[in-house]
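Listed here are the chains, written in short residue letters.
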Amino acid sequence: MGWRGGHSGRPDERTTVRDLLGEHGRTYAEEAGIRLRDTPQPLYELLVLAHLLSARIRAATAVAAARALFDAGMRDARRMRDATWQQRVDALGRGGYRRYDERTSTQLGDAAELVLDRYGGDLRRLREEAGGEPDRVRELLREVPGIGPAGADIFLREVQGVWPDVAPYLDGKALDGARRVKLPADPGKLARLVRKEELPSLAAALVRAALDHHVVEDVEEAHARHADAA
């Protein structure tokens, strides 16, 4: 069963969430220029982005590299597979993704081949094969070359807005961020603080809180402003 949504929760928690979303709620897909829908091309683009974001590299660099690949025409599995290894390396380099560019180029080609051979280039078929079960979706994602545990989590955090049967997907990294901003480290409780369509944005904001102390400081400053205004 997918999450049904709601608006329950303490007012201070809801205020914290609104402050967090207002400043840091842009999804990584949005940053990469992906208009996420439940259709093959944007789902594939999200898979590529999740792959790049899962490396030990700055998120901004991974986003820039994804944009460079897409700008070079590699927006679906067939075009990614048909691009040469060097074309993929060059695009990654233009995005600043140089430390892992050669290995990543190989993995992107292998991943595109698997997505084409097994799913006909359409990741909705992966979802169907998994029966919409989040754990099984995660297992199948991890069979894609270059997609490890972190990459699967990134994909699921972002895709839950168009794949509601996997929601709420708030993994360990997101829950670490929730603890940092004094929100409940429980997926169900967090999900009830936002509208269903805001879950990907909440997940992205919480991950940023886990990774960047400035995000926590922004929330604390917003708390102080609210207190002064009271």
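For the structure itself, look to the data block above.
Now for a description of the structure that goes with this document. None of these values were measured; they are calculated from a predicted model.

Two elements in contact, helix α3 (residues 40-53) and helix α4 (residues 59-71), have axes whose closest approach is 9 Å; the angle formed by their N-to-C orientations is 145°. In terms of crossing hand, the pair formed by α3 and α4 is right-handed. For the pair α3 and α4, the contacting residues are E45, V48, L49, L52 and L53 in the first and A59, A62, V63, A65, A66, L69 and F70 in the second. Along the lines of polarity and charge, the residues of the contact of α3 with α4 split into eleven nonpolar, no polar and one charged.

With that settled, the discussion passes to the packing of aromatic side chains. Applying the stated criterion to the full structure yields two aromatic pairs. Taken together, a centroid distance of 6.3 Å and an interplanar angle of 55° make the contact between Y97 and Y100 tilted. Taken individually, Y97 and Y100 each receive the classification buried, so the pair is uniform in this respect. Relative to W163, the ring of F155 has its centre 5.7 Å away and its plane inclined at 65°; by these criteria the two rings are edge-to-face. W163 shares its class with F155; the two are buried. Just above the ring of Y28 sits the side chain of R208; from NZ or CZ to the centre is 4.4 Å.

With that settled, the discussion passes to empty space enclosed by the protein. Enumeration according to the criterion identifies one cavity of 30 Å³ or more in this entry. Put simply, the largest cavity is a space of about 40 Å³. Lining the largest cavity, in full, are Y44, L47, V48, H51, L108, A111, A112, P145 and I147. In terms of residue count, α3 provides more of the lining of the largest cavity than any other element does, four residues in total.

The next subject is helix α13 (residues 199-211). Taking 1.5 Å per residue as the helical rise, α13 with its 13 residues ought to reach 18 Å, and the 18 Å between its terminal C-alpha atoms agrees with that figure. Among the 13 residues that make up α13, twelve are buried, leaving the element largely enclosed by the rest of the structure. For α13, the complete set of buried residues consists of L199, P200, S201, L202, A203, A204, A205, L206, V207, R208, A209 and A210.

Criteria and cut-off values
- Residues numbered from 1 in each chain as written.
- Predicted model: local features only at pLDDT ≥ 70, side-chain atom pairs only at ≥ 80, totals over all residues.
- Heavy atoms only, no water.
- Axes fitted to C-alpha atoms, helices over the stretch in contact; angles between N-to-C directions.
- Helix = DSSP H or I, 4+ residues; strand = E, 2+ residues; numbered from the N terminus.
- Left-handed = near helix turned anticlockwise from the far one by under 90°.
- Contact = heavy atoms within 4.5 Å.
- Nonpolar A, V, L, I, M, F, W, Y, C, P; charged D, E, K, R; others polar.
- Phe/Tyr/Trp six-rings, centres within 6.5 Å; stacked < 30°, edge-to-face > 60°.
- Buried < 20%, exposed > 50% of the residue type's maximum accessible area, 1.4 Å probe, protein only.
- Lys NZ or Arg CZ within 6 Å of the ring centre and 35° of its normal.
- 1 Å grid on protein atoms, 1.4 Å probe; cavity = no way out; pocket = protein on both sides within 12 Å on 5 of 7 lines; lining within 4 Å.
- Points joined across faces, edges and corners; volume = space filled by probe spheres on them.
- Expected span 1.5 Å × (residues − 1).

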